[in-house]
Each structure stands twice: as C-alpha cells, then as structure tokens.
Amino acid sequence: MVREGNLKSAVQDQFGRVAANYLTSAVHAQGEDLPIMVEAAGLRGDERVLDAGCGAGHTAASFAPHAAEVEALDFTATMLRQVEVLAESRGLANISTRLGDVEKIPYTDSSFDLVVSRYSAHHWARPGTALREIRRVLRPGGMFVLSDVVGFGDPVCDTYLNAIELLRDPSHVRDYTVAEWSNQFAAAGFDFEIVFPYRIFLQFVEWTERMETPQANCIAIQALYDAAPKEVREALGITEEGHSFQCAVLRGRAA
Ligand SMILES: C[S@@+](CC[C@H](N)C(=O)[O-])C[C@H]1O[C@@H](n2cnc3c(N)ncnc32)[C@H](O)[C@@H]1O
C-alpha cells in the first residue's frame, strides 16, 4: 500500500487506528521511569504541567496527583479520548486535554512550571523546534523532563535500531542519542542532565500487535534480527521473545 500525506498525517493515521491499544499497554501504563520522572520534577503540588505527546495519558495520570493542573496535549484526537477515559476511571479531575502539535504548542508564553514528555519524541522530525516551543511555554526556571528510547553512538547499532523501529511503525522518525538531546537542550536554552538510564523489554508479538504492524514487516524485522552482527544483537538485547531497547530520563531547566 502506498501511503499518502506527510509525516504528521502518518503519525495521526497510525496512532488514530491503534489508540485504544495504548490505554491497555503495560509498557505504557507501568514502567520504572514513571515514578522517576515524577520524582525528578520535584513538584510541590501547585504547579501547572504540560504532557507533550500524551498518547493515552499514562504520564499525565502519573503527574496529576502531584500537581494543580495537567494539560494533556496530542495531535491525534482519538488518543485524547483515551486520556478522558483514563482520567475519569481514576477520578483525576485536574487533567484537561488539548489537540495540538508540539512544534506549535497552543499555549501562551510562560504558561507552565513543568513540561513532560514520554515515548513521543522519537516521532518529532524537528526536535529543535519542539524544544524551543517547550522552552517558550515554560516560565523561566521551569523544567522539562523527557523519557524515551535513545539511539546509539555506534553507527551500526544505531542503523539497526532505527530500521527495526521504522519497519514496525512507519511514523517512527528517530531514536535520538543522548548526545543529540544534549545539543538540542542547550540550543533551546536548557541545561541538561541524564537522570536515569534504563532499558525496556519489548515482547515481539505484543510490540507489533500494539502497532498493527503488517506481517511482511514483522518478517523483515525477524530477517534483520537474524542478519544482525553479534554486537548489534547484544546492544539490542535480542532473544527468542523480543528485544530490549536502551532508554533515558533526561531533564533540563529553562534558563
Ligand atoms: C507512544 S504515544 C505516547 C505515550 C504516552 N506519553 C505514555 O506515557 O503512555 C506517542 C504519541 O505522540 C504523539 N505525537 C507524535 N508527534 C507529535 C507531535 N508533533 N505533536 C503532538 N503529539 C505528537 C502521537 O500522536 C502519539 O499519541
């Protein structure tokens, strides 16, 4: 099938079809990074928080009990419906949803004390633009906490990682490396800190079914697994059941 439309419509099409899978996904609903993100933010309870690329809202729901208000922003409308379901089921009345693009955030300057983003940034084709927007909507001294899969400095491992990700999800852009994030944070006016490096294990069948990856692409991913040199197999933690990707919680304070 030949896809029509640009990258953003590819992300919206892809997540629009599978939004409900993300509400129930254990990888998204749980995860050792979530409590660490909350702790890294050091909230007092009176803050306004923006969750940028909120998906089904698991990150927004983790921050909501610790903040005054959480705005959950995503440009896939059906994902925002999942956020409403989640917020209602947990009795979290301080979460609001907003349709919008992280590259053009629909809020005025200095609207937030904290911006968070989890497992969304690998879809951002212009991370520099997104970070400048995040900086703009943060008050001076406000904080950005990001959690995502991160790429490899080693080019062979990095190519395999992003090829596998793209075969699984045509709206994947890039798992940026920690070094790339460090540069992007600095360019947008943030300091930069690695809070927590971690790995997530992704069971192959769950991982591809969640995204409704076509069978032909599943076969191509398996072919890449088989062709991968030893150092790639080790770096991607490839086993019979799946693989484990390296991730990081990163933090920046706005100058
Ligand atoms: C995997 S989901 C996010 C998961 C969620 N943050 C969590 O913790 O469970 C990725 C989301 O990023 C959103 N997204 C990607 N690019 C975006 C952009 N430029 N602006 C707004 N949302 C975006 C997609 O629509 C999708 O809902």
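Residues numbered from 1 in each chain as written. Predicted model: local features only at pLDDT ≥ 70, side-chain atom pairs only at ≥ 80, totals over all residues.

Draft legend 1. How the structure looks around the sheet that holds strand β2 (residues 69-74). Strand order in the open sheet made by the seven strands is β3-β2-β1-β4-β5-β7-β6, with mixed pairing throughout. Two strands in the sheet have a free side with no partner beyond their single neighbour: β3 (95-99) and β6 (193-203). Taken over all neighbouring pairs, the strand axes of this sheet differ in orientation by 20° on average, direction set aside. Here β6 pairs with strand β7 (residues 242-253) via 10 bridges, running antiparallel. In the strand pairing of β7, Tyr198 is matched with Cys247. (Pairing = 2+ DSSP bridges. Helix = DSSP H or I, 4+ residues; strand = E, 2+ residues; numbered from the N terminus. Axes fitted to C-alpha atoms, helices over the stretch in contact; angles between N-to-C directions.)

Draft legend 2. Representation of the pairing of β3 within the structure. The sheet contact formed by β2 and β3 spans five bridges and is parallel. Residue pairing for β3: Ala72 is matched across the bridge by Thr97. Taken together, β2, helix α5 (residues 77-90) and β3 constitute a β-α-β crossover, and its handedness is right-handed. (Right-handed = clockwise from strand over helix to strand, strands pointing away.)

Draft legend 3. Geometry of the site of the ligand. Close contacts around the ligand come from 22 residues, with His28, Gly53, Gly55, Thr76 and Ser120 the closest. Contributions of two or more residues to the shell around the ligand are made by α1 (7-24) and α4 (58-63). Looking at the shell around the ligand, the element that brings in the most residues is α1, giving three residues. Broken down by class, the residue content of the shell around the ligand amounts to 10 nonpolar, eight polar and four charged. (Near = placed C-beta within 6 Å. Nonpolar A, V, L, I, M, F, W, Y, C, P; charged D, E, K, R; others polar.)

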